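Report on the structure
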Amino acid sequence: MRPSRPLADLAQVTLVIAVAAAEAITRSTGLAPQIKWPNDLMVAGRKHPVRTGADPEGDLDHIIAGIGINIAQSRTDFPPELQAIATSISAETGRKVDRFDLFAALVERLDHRLTEWERLGFEPARHAWSVRSCTLGQPVTLSAPQAPRQGIAEALGPDGALCLRTADGTLHSVIFGEIPLAPTQATL
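In this report, the structure presented in the accompanying data block is examined. (Residues numbered from 1 in each chain as written. Predicted model: local features only at pLDDT ≥ 70, side-chain atom pairs only at ≥ 80, totals over all residues. Heavy atoms only, no water.)

**Digging into the pattern of salt bridges**
By the definition in use, this model includes 8 salt bridges. Residue Arg 27 is joined to Glu 108 by a salt bridge in which the shortest nitrogen-to-oxygen separation is 2.6 Å. Linking Arg 27 in helix 1 (residues 10-29) with Glu 108 in helix 3 (residues 99-120), this pair joins segments that are 81 residues apart in sequence. Taking the relative accessible area as the measure of exposure, Glu 108 reaches 34% and is therefore partly exposed. Here the residues in one salt-bridge network are Glu 23, Arg 27, Glu 108, Arg 109, Arg 113 and Glu 116, joined through shared partners. (Salt bridge = Lys/Arg side-chain N within 4 Å of Asp/Glu carboxyl O. Helix = DSSP H or I, 4+ residues; strand = E, 2+ residues; numbered from the N terminus. Buried < 20%, exposed > 50% of the residue type's maximum accessible area, 1.4 Å probe, protein only.)

What follows is the structure, encoded as structure tokens:
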């Protein structure tokens, strides 16, 4: 993808793509994925990873996005160490998934959300992300490059940062980091 956005918006694009992927899964399967900050799609406590990377100089010359969606595996198809944290769309819906329908929905939603992001900015995707969030309002432990933090995830900032309030009342704005899955959450 070659968006016409500044490099400062890189954190936003992953969130925009996560919204598009969640919408595609809903459209194609009827499932209603939630989004765990920053970009994991969660279905029944299990996740789909969404990854992006970009040219690190100047504007966002190009973006490479990877969206992993397990479609047809049964839970026993996963290695033993992943069976408690892994699933697929078929396992969640109890039926075979038309992967071409899912792919078409994904391409359509990506085109819509990325075009909207370029024209209108981050606010529409930010709102859609917040509605689907399973992170906001929750206590979280954040693994961040600067330092691990614990607190309540209060909001998604206008730049895509997670606004995390720590026990001392300080509100931190975190652009990059990871919220590890709880032992009861699993990967889709």
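**A closer look at helix 3**
One full turn of an α-helix is made of 3.6 residues, so residues set three or four places apart face in the same direction. Given a rise of 1.5 Å per residue, 22 residues ought to cover 32 Å, and the 31 Å separating the end C-alpha atoms of helix 3 matches this to within 8%. Every buried residue belonging to helix 3 is among Leu 102, Ala 105, Leu 106, Arg 109, Leu 110, Arg 113, Leu 114, Glu 116 and Trp 117, and all of these are buried. Down the axis of helix 3, the buried side of the element spans an arc of 155°, and every buried residue falls inside it. Away from its buried face by more than 90 degrees, helix 3 exposes Phe 100, Phe 103, Asp 111 and Arg 119. Contacts from the buried residues of helix 3 go to helix 1, strand 5 (63-67), helix 2 (89-93) and helix 4 (123-132). The N-cap residue of helix 3 is Asp 98: its side-chain oxygen and the backbone nitrogen of Phe 100 are 3.0 Å apart. Backbone geometry just downstream of helix 3 places Gly 121 in the positive-phi region, at approximately 90°. (Expected span 1.5 Å × (residues − 1). Arc of directions from axis to C-beta. Contact = heavy atoms within 4.5 Å. Polar contact = N/O pair within 3.5 Å; in protein donor to acceptor, adjacent residues only side chain to side chain.)

**What to know about the packing of helix 3 against helix 4**
Helix 4 packs onto helix 3 with a crossing angle of 130° between their chain directions and a minimal axis gap of 8 Å. By the criterion of interaxial angle, the relationship of helix 3 to helix 4 is oblique. For the pair formed by helix 3 and helix 4, the contact residues are Arg 113, Glu 116 and Leu 120 on the first element and Pro 124, Ala 125 and Ala 128 on the second. Residue composition of the contact of helix 3 with helix 4, grouped by class: 4 nonpolar, no polar and 2 charged. (Axes fitted to C-alpha atoms, helices over the stretch in contact; angles between N-to-C directions. Parallel < 35°, antiparallel > 145°, perpendicular 65-115°, else oblique. Nonpolar A, V, L, I, M, F, W, Y, C, P; charged D, E, K, R; others polar.)

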